[in-house]
Amino acid sequence: GKAVVIINNSGLGEVEMDAIIMDGKNLASGAVSAVKCIANPIKLSRLVMEKTEHMLLTDQGAHAFAKAMGVPEIPGKKLITERSRERWEKNLEADSNPQEIEKDLGTVGAVAIDNEGNVACATSTGGLSNKMVGRVGDTPCIGCGGYADNNVGATSTTGHGESIMKVVLARLVLYHMEQGMSAEEAADTALNYMKTRVGGLGGVIVIGKSGEWTARFSTKQLSWAAVKDDQLQHGINLGELHTQPAEEALVAAGF
Ligand SMILES: NC(=O)C[C@H](N)C(=O)O
């Protein structure tokens, strides 16, 4: 059997977030795990990267650091959407399947390249619904939730965290690119390995050092968008691809 779950967020309904950011130029990175009441965990991760000698701060120490840096705390309830609250409640029912990651839509990731060939990645998540208190997922772990190296490219991942950690998914994608695969081939090969080796599903966004990019996933959907030369491309389902001027999309979104 499984270990007895003593403390579970199922009872608390609170949000604990993990995040990472990485700079491909010097392999610097910063991460936070198990933080609550922080509006922008990636910004806090960036402060860990830029203002400390360390790479990952967790829980109480991360909060003390946030306070010292003047990062305000927000009410935890502000981080909870109606949809995620409903899911949490549904997962409390005896016949529920909280492990189902297909609907864990709280993870946000980004990869980028500038005109000097510097790449970077960032990932932020509330993790899996109804997880144990103190459970840290893949997202803040370097090489799992993300990795960036100017010599290869950058990746940000989403999906079943425990599976992602087993295969060190972000670094695995970049490894395949180092071995000569295209970004797309590398993403598919790594995701397929995770599926066949440990039965885990997920998605990755990838950018190569020469600017080629891809969004690939073994889950049913992945919401992705990319901007290049003022053109916006986006999709959700397999094979879905829309293109429009970025300017037009920004106006439509109210910016
Ligand atoms: N939906 C997600 O991406 C969850 C995240 N990878 C985690 O396991 O914490």
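Quick caveat, the model's predicted, so the values are computed rather than measured.

So, how was this worked out
- Residues numbered from 1 in each chain as written.
- Predicted model: local features only at pLDDT ≥ 70, side-chain atom pairs only at ≥ 80, totals over all residues.
- UniProt positions renumbered as here; feature names shortened; annotations may be inferred.
- Buried ≥ 20, exposed ≤ 12 C-beta atoms within 10 Å, placed from the backbone.
- Helix = DSSP H or I, 4+ residues; strand = E, 2+ residues; numbered from the N terminus.
- Near = placed C-beta within 6 Å.
- Nonpolar A, V, L, I, M, F, W, Y, C, P; charged D, E, K, R; others polar.
- Contact = placed C-beta atoms within 7 Å.

## Observations concerning the UniProt feature "binding site: substrate" (unreviewed entry) in the protein
Under the present numbering, the feature "binding site: substrate" (unreviewed entry) in UniProt falls on Arg135, Val136, Gly137, Asp138, Thr158, Gly159, His160 and Gly161. Among the residues examined, Gly159 registers 26 C-beta atoms within 10 Å and is labelled buried. Topologically, His160 is positioned in the loop between strand S7 (153-159) and helix H5 (161-167). The class for His160 is buried, based on 25 C-beta atoms found within 10 Å.

## Points about the site of the ligand
In the vicinity of the ligand there are 13 residues, among which Thr107, Gly127, Gly137, Thr158 and Gly161 approach most closely. Broken down by secondary-structure element, the contributors of at least two residues to the shell around the ligand are S7 and H5. Partitioning the shell around the ligand into residue classes produces three nonpolar, eight polar and two charged.

## Concerning the environment of Leu27
With respect to the helices and strands, Leu27 occurs in the loop between strand S1 (17-23) and strand S2 (28-35). The class of Leu27 is partly exposed, set by 13 C-beta atoms lying within 10 Å. For Leu27 and Val227, which are 200 residues apart along the polypeptide, the C-alpha to C-alpha distance reads 24 Å.

## Section: the UniProt feature "active site" (unreviewed entry) in the protein
Under the UniProt annotation, "active site" (unreviewed entry) lies at Thr107. Mapped onto the elements, Thr107 comes out in the loop between helix H4 (82-91) and strand S4 (108-113). Owing to 26 C-beta atoms within 10 Å, Thr107 belongs among the buried residues under this scheme. In contact with Thr107, not counting residues within four places along its chain, are Thr123, Thr125 and Thr158.

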